[in-house]
Every structure is written in structure tokens, then in C-alpha cells.
Amino acid sequence: MVPVQWYLLLSAAMFCIGVFGVLTRRNALVILMSVELMLNAANVNLVAFSFQHGNLTGQTFALFTMALAAAEVAIGIGIVLVLYRNFEDIDVGLPTTMRW
Amino acid sequence: MATIGEIAPAIALLPLASFAVALASVVFAPRLLQKGGAIPGILATAGSLVLSVWAFVHVGGGEPIEQELLAWAAAPDSFELTLGVLIDPLAALMLVIVSLVAFLVHVFSLGYMNAEGETGLHRYYAELGLFTFSMLFFVMADNILMAFMFFELVGLCSFLLIGFWFREEAPASAAKKAFLVTRFGDYFFLVGVVGIFAAFGTGRFVGSEGFPHLAEEAIAEGHEILGMSPETGVMVLGLLVLGGVIGKSAQFPLHTWLPDAMEGPTTVSALIHAATMVAAGVYLVARMFGFYALSPTLLAIIALVGGFTALFAATMGVVKDEIKQVLAYSTISQYGYMMLGLGAGGYVAGTFHLMNHAFFKALLFLGAGSVIIATHHTHDMWKMGGLKEKLPVTYYTFLAGSLALAGIVPFSGFWSKDEILYESIVHGLGTDGGLGVLLLLAFAFGLLAVFFTGFYTFRMVALTFHGEPRTEVAEDAHGVGWSVKLPLIVLGVLATVAGLVNMAPLDVEYLHSWLDTTEEAGLLTSAHHYEEVLHDVAHVEAATLTPIATAAVSLGLALAGALAAWRLYGSDPQPHTDRLGSIKELVGNNYYQDEYQVWLAEGVTLPLSRAADTFDQVVVDGVVDGVSSVSLFSGRRIRRIQSGIVSNYVALLTAGLVVLLVTFAFMGGWF
């Protein structure tokens, strides 16, 4: 049986990759994908601890997170579409007028 | 048929109706009401007089009238605020006086206002009606809050009437002054009313539930009043209410409004001085005498203020040149006597003088009004003279009033003034401690004032009616009509005989026994009850002294004053007071009371308020403005981090998360 530390390391690695992607990429779709990575890192964490404690609640939560991620992607894609319609591009550096 | 007990409020409501009629006729039908609304006023006050006499007779049967009209605010398990009618012997007496004087003033106004072609008569009669209504309800009030409300209405009406000729500068300013000065006293009264409600939970004047009796019990049992010892509590509350009394009854140092109030019509002066406005203050002391009698300090203060005012005002009356000014100062002086009487524990004496003064002062003012009409609105006594032959009715009634004012036997003023002086000396001699000494001092003031009273009264009579006419207006003075003569005759008779109801030196004490009439009903307002309270609580004792002695001394002084005035001004008057030099200067300027009060207002209050305003503008507003400018400034700076670029936001979020994690890590001791 794989000890839980490996799962945690995997999840931390995935999360860091996600954060890195969100911070460095300008393409909205890539940012969206990075967010998915971060969410799934959390999922791995949940499932790993659930497995460790023999408690199914964590796995149930992972299912909920997936549903949430799906919803989030729907909204994210919608924003990306609007972005494309307005700027002919999906670079997140373009829209800068929504401020004070 | 309704009994008087049921329709008692109508005594006051009738003048209110005349007010409404006069007011409505101005708005809807100015030509409909003949004589400018005088007739409804005369009818209403006549009705009030009839009902008052009926109530007087009813109360004389030993049954006081008590009726609750309206509980307009009630707090459960606490107190309720009510309007109610209470007619005990004191109120019944005062009702008759007020409605009689008001009725006669209305009749006199026909000759003084209507016949002289005044304009604005509807307004005049409407205000007179409202004035009478306010005073009558004040007299009938059964609790102190209701009394306060009508006390204020009386003040408002006097403001309106003093400023009747508001288009000229002097009356408007006098009205304002009267209102402001009396308001100053009323602030204290209002605080006192609240204090009485807070301390006793009731404002009732009478009965075992009334606040005077509750205060008496608190003193007997040693309960605290508002966190103070009961004696101090009663003194503080009594002094606060006394503030209103001193303002309304024109006692030193709030007397300055009254001489200026002479700018109003003379009829109004008669009403204000004799029966309504000024009388309200002294009546309030008599009304809650059971409260004042509890504290020797309060009694001493009342007596001292009264005695001092009596002398102080009398000296100013000596040098005045206008007939109404002399009368104004005599009013202040006479109300000083009433305060002296009440403060000395002479409840009957003070009430007695209140009654007599109402008659003779109304008479003197109306007499002065008659002289003023006859001489084509001359006020200066030096321009009169020799009016005796031209105005015989006015002269003889005015003389009767003057004899009463000066206190010459057997006219009414003699009996009451003498009783006041007698009460103050016997209680002053008999009582131990400070109260006794102060009463004797007040007595000395009062006794000295008798001489001045006699002097200025007969100086006025001599200058106005005797000698040769000194100007053309005095020479072709015309006669006056019946509406002027009738009130003068009625009041002249009363001023002559009213004193006979309580000739204390001769053991005739009808008024005393009248004030004891309803003793059985448990109102605790009888003169007998007050005597017990004075003796048991305030420890006022009476020395034995024959009343004849003080009577002889005061009569001697009054006659001396009168004869001195007669010799100086009788046949060929000269301005003798000019020989007094700097004293005349001082007294003629009213001891610079006005100047010092103006200085208080302009030299002290104004800079103080300016400083307070500056403090508010600079410090208080500065702090508030400073706080807002700090947040505005930092807001302008901090908003720059909101760049509109999504990546920056994400970076900030992440940085924040990292900072948070590190902080938690340190606090949790992970490192």
C-alpha cells in the first residue's frame, strides 16, 4: 500500500504547477486549465485522507468538487468567449479598464 | 340640570370660545361682528364670572370640586400625565377675582380701545379671550405639569398683548423682553416639574397622593429625594419652581420686563398686573404652599426676595414721571409684599393681599387708562394736573385705590399689608436660627417700603389730579363714557371694602375661615393644615405681639409718606426729586438693572457662546474633518493597487495566501 505522504507530495506538486500556470500564463484557457489542476490537487488530498482514515466523507466531497469544477469551467468558458468577442484575443492582459 | 361640579371646565372654556369666535370672524366675516369682537368677550367673561361665583358658593358648602378631564399620557406602573380641574377655596377665590377683573377689563376696553378708533380690535379681543382662558385653567389646574402648560400660555398671551402695537419699535421690543425674561425663569420651573415627577411620581397638588404630602412624609421618615437628603431635595425642587415664580411675578432680579410691559394698552396692563400674568407666580406659591412650608430655607429665601423687592421697587417708583411707570413699580413692590407674606408663613395674609391687590391695582390701572383717554394719550404726569374737577368719578375711585395701595386705614390694602408685616415680625421674633433673623430683615425691608409706597402713591395722585392744569391737554380734558366709569365704580367699591373680610387686628377673620372651609375633604390645602406643617416641619414659631402695634407703626409710616408727598407736590409741584442729585440718577436709571442685564447678555453670555461656537467649529468639527480627510487621503492612495489587470489580482491573492500561511505557521509554532 502506498503511504499517504506520497499522495500529499503529488497533490502539493499539482497545486504548485497550477499556481505557477495561473500566475505566469496570459492565455485565459491555459489559466482555466491551471485552475482545474489546483482543484484536482485538492481532490487528491481529500481522497488520500479519506482512504487513510477509512472515512468515505472525503470521497463524497471529491465528487462535489468535480461537479463544482464543471460549473466553474462553464462560467470560465463563458467569460473567455466574451473576452474573445471584445478583443479578438483571449489574452488576460488586454482588458484593463475595469478598475477605479 | 347640570351641577357646577360637572360644568366647572366651562368657566375657562367660555373665554376660549370668545377667542375662537373673534378669530373666526376675522378670517370669515370681518364686518359681521360689531365692536371688533368685544361683545362675545364680554358675554363669555360674564358667563365665567357667574359660573365662578356658583363654584365659589358650591365650595363654600364644604365640598371641593375635583374632576379629571383627560389622561393624555400614561405609563403603566409609573405615572400618568393628566388634565384635571381642582377648585378648592383658594382656587374658587382666585377664579372669582380673575373672571371679575377680566370682565371689567373687557367692558373698559369698549371705552379705551373701541371708542379711540384703534385698529386690529379682533386680534385684541381674541388675545384677551385666550389670556383669560389660560389664566382660569392655570388657577384650576390640579397638577403641576398642567399648571406649567397654562403658565406658559399666559406668558405667550402677555407677549402678544404687550406687543399689540407691534408696528412700533418699543412695544415689539418690550414684548420680546417680557417673553425672554419670564422664559428664563420658566426654564428652572420646567426642570423643577420634571424633578418633581421624577422624585414623587406625581404632579398632583393636593391630597395624600399629592407631592407636597409625599414630600412631607419623606422628611418625616427620612427617605432620600433624588439621591439627596429629603430636606435638601425639597429645597432644590422648591427653588427650581421658584425660578418660574420670580420671572412671572417680576421679583428681583427678573423684574426688569415689567416696567417695559407698559408699552402695551393700559387695559392689558390692568389685566396682567391685577389678575393674570403677574398674579400667576404668587398664586403658584400659594397653590403649593404645603411644599414650600416644609423647608425653612425656602421660606427664608421667598421672604427675603419678597421683602427686598418690595423696598427696591418702591424706591424706583418715587422718581418716575409717567403714571403707568409708577404703577408698574408699585406692582412689583406689592407682589414683593405677597412673597414676603407667604415666605413668613402667612398663607392667609399673602392670599389676602393677592385678592386686595387684584382689585385696587386693576382699579388704578383702569383709572390711569381713563386719565390717558381724557388727556388725549398723555402719559407724563408733569403734563397733567388739576384733573380732579374734570374727572370726578375717576378721581374718587382712583383715590380709593391709592389709599388702598398706600395702606391707609380702613381701605383694603391696609388690612392685608398689615397682616403680612405682622406675620413676618411675629414669626421672625419667635423662630430660632437663621430663618428668624432673615424674616426680621425682610420685615425691616417691608416696613421701610411702606413709607415709600405712601410717598409715591400720593405724589402720583397729587401730580395727576391736584393743583393747576400744567398743559393744554390737561386743560381741555374731556369726560369719559359709561363703559369706563362702570368698572371704576365696581372696583372702587371693592378696593374700599374688600379688606373688611379679614380684619386680623379686630379678630374678624372671614377669609381665614374661608380658606379652612373644605378641611374635611382631605385636600390638605387648608390654612389650618399649613399652620401645622409650618410648626412641625419648618419649626416656625410665633411670638406674642399685639397686632395693633405693627398696625400703628405701618400706618404711621404710610401717613408720613403720604403727607410728605402731599406737602411737596400738593399745590405747586416742583421736580423735587432732582435735588437728590446722584441718587436720583441711580434710582431713575432703575439701579442700572437693565444695563447690567444687557451687560450680562452682551459682555458675558455672548463671548461665552462665541467661544463655544469657535470650540465647536475648530475642535469638534476639526476632529471629524480630520478623521474623514485621513480616510479620503489613504483611499486615494490605496485604490491604485486596483490596476484592472487580472494577473496582478491573482498575484496579490497568492501573495496574501502565502503571507497568511506563514503567519499561521509562526503562530502555530511549526518552525
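Every chain is numbered independently, its residues counted from 1 as its sequence is written. For naming, the first written chain is A and the first written ligand is 1, with later ones following in the order written. In keeping with the model being predicted, local features are shown solely for residues with a pLDDT of at least 70 and side-chain atom pairs are shown and tallied solely at 80 or more, while totals for entire chains, interfaces and linings include all residues. To obtain the side-chain values, all non-hydrogen atoms of the structure were used and water was disregarded.

Structural notes on the overall build of chain B
- A run of H or I in DSSP counts as a helix once it spans at least four residues, and a run of E counts as a strand once it spans at least two, with each numbered from the N terminus. Scanning chain B from N- to C-terminus turns up 27 helices and four strands.
- Taken along the three principal axes of its C-alpha coordinates, chain B extends 115 × 65 × 60 Å.
- Per-residue burial over chain B gives 56% buried out of 671 residues.
- Restricting to contacts in chain B with at least 6 residues of sequence separation, those with at least 24 account for 80%.
- Counted as positive: Lys and Arg. Counted as negative: Asp and Glu. His and the chain ends are not counted at all. In plain terms, the charge of a residue is placed at NZ if it is Lys, CZ if Arg, CG if Asp and CD if Glu. Averaging the locations of the 28 positively and 54 negatively charged side chains of chain B gives two centres separated by 16 Å. Burial classes follow relative accessibility: with a 1.4 Å probe on protein chains only, a residue under 20% of its type's maximum area counts as buried, one over 50% as exposed, and anything between as partly exposed. Residue contacts are counted whenever heavy atoms from the two residues lie within 4.5 Å of one another.

Things to note about the overall build of chain A
- When helices and strands are counted, chain A shows three helices and zero strands.
- Reading chain A from its N end, one meets helices and strands in the order α-α-α.
- Within these notes, the globule rule equals 2.2 Å times the number of residues to the 0.38 power, and the radius of gyration is based on C-alpha atoms. Its C-alpha atoms give chain A a radius of gyration of 17 Å, clearly above 13 Å, the size a compact globule of 100 residues would have.
- If you line up chain A on its principal axes, its C-alpha atoms span 50 × 25 × 25 Å.
- Buried residues in chain A amount to 27% of all 100 residues.
- Counted over contacts in chain A with a minimum sequence separation of 6, partners at least 24 positions apart contribute 54%.
- In short, Shrake-Rupley with a 1.4 Å probe defines the accessible areas, and a residue's cover is counted only from the protein chains shown. A total accessible area of about 6800 Å² is found for chain A, and carbon and sulfur atoms account for 73% of it.
- In chain A, 4 positive and 5 negative side-chain charges are present, and the distance between their average locations comes to 7 Å.

Some details on the interface of chain B and chain A
- Between chain B and chain A, the contact holds twelve residues from the first and nine residues from the second.
- Once two parts are joined, some of their accessible surface, as seen by a 1.4 Å probe, is lost; buried area is that loss totalled over both. The junction of chain B with chain A conceals about 910 Å² of combined surface from both sides, 65% of it contributed by carbon and sulfur atoms.
- Any Lys or Arg side-chain nitrogen located within 4 Å of an Asp or Glu carboxyl oxygen qualifies as a salt bridge. For the interface between chain B and chain A, the tally reads zero salt bridges.
- In the analysis that follows, any N or O atom pair within 3.5 Å is treated as a polar contact, provided that within protein one partner can donate a hydrogen and the other can accept it, and provided that, for residues neighboring in sequence, both atoms belong to side chains. Summed over the shared surface of chain B and chain A, the number is zero residue pairs in polar contact (both at pLDDT 80 or more).
- The residue classification treats Ala, Val, Leu, Ile, Met, Phe, Trp, Tyr, Cys and Pro as nonpolar and Asp, Glu, Lys and Arg as charged. All others, Gly included, are polar. Residue composition of the side of chain B that touches chain A, by class: five nonpolar, five polar and two charged.

Description of the confidence of the model for chain B
- Taken over all residues, the pLDDT of chain B has a mean of 85, while the share at 70 or more is 97%.
- Predicted complex metrics record ipTM = 0.86 and pTM = 0.80. A residue's pLDDT is the predictor's confidence in that residue, given on a scale from 0 to 100.

Here's the deal with the packing of aromatic side chains
Residues and elements named next belong to chain B.
- Pairing of aromatic rings covers Phe, Tyr and Trp, the last counted by its six-membered ring, and requires centre-to-centre distances within 6.5 Å; plane angles under 30 degrees mean stacked, over 60 mean edge-to-face, and any other angle means tilted. The full count for this structure, using the stated rule, is 35 aromatic pairs over all chains.
- An angle of 70° between the planes, with centres 5.4 Å apart, marks the rings of Tyr124 and Phe164 as edge-to-face. Of this pair, Tyr124 sits in helix H5 (residues 121–140) while Phe164 sits in the loop between helix H6 (144–162) and helix H7 (169–200); the two residues are 40 residues apart in sequence, bridging distant segments of the chain. Accessibility classification places Tyr124 together with Phe164 in one group, the buried group.
- Here the aromatic residues Phe138, Phe148, Phe151, Phe189 and Tyr283 are joined through ring pairs into a cluster of three or more.

Some remarks on the pairing of strand S1 (residues 65–74) of chain B
Residue and element names in this part refer to chain B.
- The rule for pairing is simple: two strands pair if DSSP sees at least two bridges between them. In this sheet, strand S2 (residues 80–87) lies alongside S1 in antiparallel orientation, the contact comprising eight bridges. Looking at the pairing, Glu68 lines up with Gly84 of S2.
- Hairpin connection, S1 to S2: the antiparallel pair is bridged by five residues, and Asp77 has positive phi, about 60°.

Remarks on the pattern of salt bridges
Residue and element names in this part refer to chain B.
- Throughout the structure, instances matching the rule amount to eight salt bridges over all chains.
- Notably, a salt bridge pairs Asp88 with Arg287, separated by 2.5 Å at the nearest N-O pair. Note that Asp88 is positioned in the loop between S2 and helix H4 (89–114) and Arg287 in helix H12 (residues 277–287), a separation of 199 residues in sequence. The same class applies to Asp88 and to Arg287, which are both buried.
- Where salt bridges share partners, they join Glu66, Asp142 and Arg204 into one cluster.

Description of empty space enclosed by the protein
- Both site types are read off a 1 Å grid over the protein atoms alone. A 1.4 Å probe that fits but cannot get out defines a cavity, while an open set with protein on both sides within 12 Å along at least five of seven lines defines a pocket; lining residues have an atom within 4 Å of a point. Grid points are joined across faces, edges and corners, and a volume is the space filled by probe spheres set on the points. Across all of its chains, the model carries four cavities of 30 Å³ or more by this definition.
- By residue class, the composition of the lining of the largest cavity is seven nonpolar, five polar and two charged.

Things to note about the environment of B:Leu366
- With respect to the element layout, B:Leu366 can be found in helix H16 (residues 347–374).
- Apart from the residues lying within four places of it in its own chain, the contact partners of B:Leu366 are B:Val105, B:Phe108, B:Ala270, B:Pro487, B:Leu488 and B:Leu491.

So, the nonpolar core
- To define a nonpolar core, start from buried Ala, Val, Leu, Ile, Met, Phe, Trp, Tyr and Cys residues and group those joined through side-chain atoms within 4.5 Å. Ranked by size, the top nonpolar core spans 220 residues in total, and within it B:Ile87, B:Phe138, B:Ile144, B:Trp257 and B:Tyr347 carry the most contacts.
- Ignoring sequence-local partners within four residues, the contact set of B:Ile87 consists of B:Ala8, B:Ile11, B:Ala55, B:Val59, B:Pro64, B:Ile65, B:Ala92, B:Leu95 and B:Met140.
- Ranked by size, the runner-up nonpolar core spans eight residues in total, among them A:Val22, A:Ile31, A:Val80 and A:Val92.

Some details on helix H24 (residues 547–569) of chain B
- Taking 1.5 Å per residue as the helical rise, H24(B) with its 23 residues ought to reach 33 Å, and the 33 Å between its terminal C-alpha atoms agrees with that figure.
- Its buried side turned inward, H24(B) meets helix H17 (392–406), helix H18 (412–430) and helix H19 (433–465) of chain B. To estimate how far a helix should reach, multiply one less than its number of residues by 1.5 Å.

Quick look at unusual backbone geometry
Residues and elements named next belong to chain B.
- Geometrically, the link from Phe252 to Pro253 is a cis peptide bond, its omega value of 5° lying close to zero.
- Tracing the sequence through the fold places Pro253 in the loop between helix H9 (230–248) and helix H10 (257–260).
- Although it is not a glycine, Leu226 sits at a positive phi angle of roughly 50°.
- Within the secondary structure, Leu226 sits in the loop between helix H8 (211–221) and H9.
- Despite not being glycine, Ala250 shows a phi value in the positive range, around 55°.

Remarks on helix H1 (residues 4–24) of chain A
Residues and elements named next belong to chain A.
- With 21 residues, H1 extends 30 Å from end C-alpha to end C-alpha; this agrees with the ideal 30 Å at 1.5 Å per step.
- All of the buried residues in H1 are Val4, Ser11, Met14, Gly18, Val19, Gly21 and Val22. All buried residues of H1 fall inside an arc of 160° around its axis, so they share one side. Counted as exposed and oriented over 90 degrees from the buried face of H1: Trp6, Leu9, Cys16, Ile17 and Phe20. The arc in question is the one traced by the directions running from the helix axis out to the C-beta atoms.

So, the side chain of B:Ser134
- Here B:Ser134 lies in helix H5.
- Contact partners of B:Ser134, with chain neighbours within four places excluded, come to B:Phe150, B:Leu153, B:Val154 and B:Cys157.

Points about the packing of helix H15 (residues 323–343) of chain B against H19(B)
Residue and element names in this part refer to chain B.
- Packing of H15 against H19 brings their axes to within 10 Å, and their N-to-C directions diverge by 155°. It follows from the interaxial angle that H15 and H19 lie roughly antiparallel. Taken as a pair, H15 and H19 cross one another with a handedness that is left-handed. Counting all contacts with H15, which are made through Ile323, Val326, Leu327, Ser330, Ser333, Gln334, Tyr337, Leu340 and Gly343, the residues of H19 involved are Leu439, Ala442, Phe443, Gly446, Ala449, Val450, Thr453, Tyr456, Met460 and Thr464.
- Residues belonging to the contact of H15 with H19 are distributed by class as follows: twelve nonpolar, seven polar and no charged. In this analysis an axis means a line fitted to C-alpha atoms, helices contributing only their contacting stretch, and an angle means the value between N-to-C directions, from 0 to 180 degrees. Oblique is the label for any angle not under 35 degrees, not over 145, and not in the 65 to 115 range, which are roughly parallel, roughly antiparallel and roughly perpendicular in turn. Crossings are classed by handedness, with left-handed meaning an anticlockwise turn of the near helix from the far one by less than a right angle and right-handed meaning a clockwise turn.

Thoughts on the environment of B:Met339
Residues and elements named next belong to chain B.
- Relative to the helices and strands, Met339 resides in helix H15.
- Sequence separation between Met339 and Leu254 is 85 residues; the distance between their C-alpha atoms is 14 Å.
- If we skip the residues at most four places from it in the chain, Met339 touches Leu242, Val245, Gln251, Val282, Val285, Ile302, Ala303 and Gly306.

Description of a nonpolar patch on the surface
- Residues B:Phe615, B:Val618, B:Val619, B:Val620, B:Val623, B:Val624 and B:Val627 make up a contiguous nonpolar surface patch of about 620 Å² in total accessible area.
- Within the secondary structure layout, B:Phe615 lies in helix H26 (residues 593–638). Patch membership needs two things, relative accessible area over 30% and no salt bridge, and members are linked within 9 Å if like-charged or within 5 Å if nonpolar (Val, Leu, Ile, Met, Phe, Trp, Tyr).

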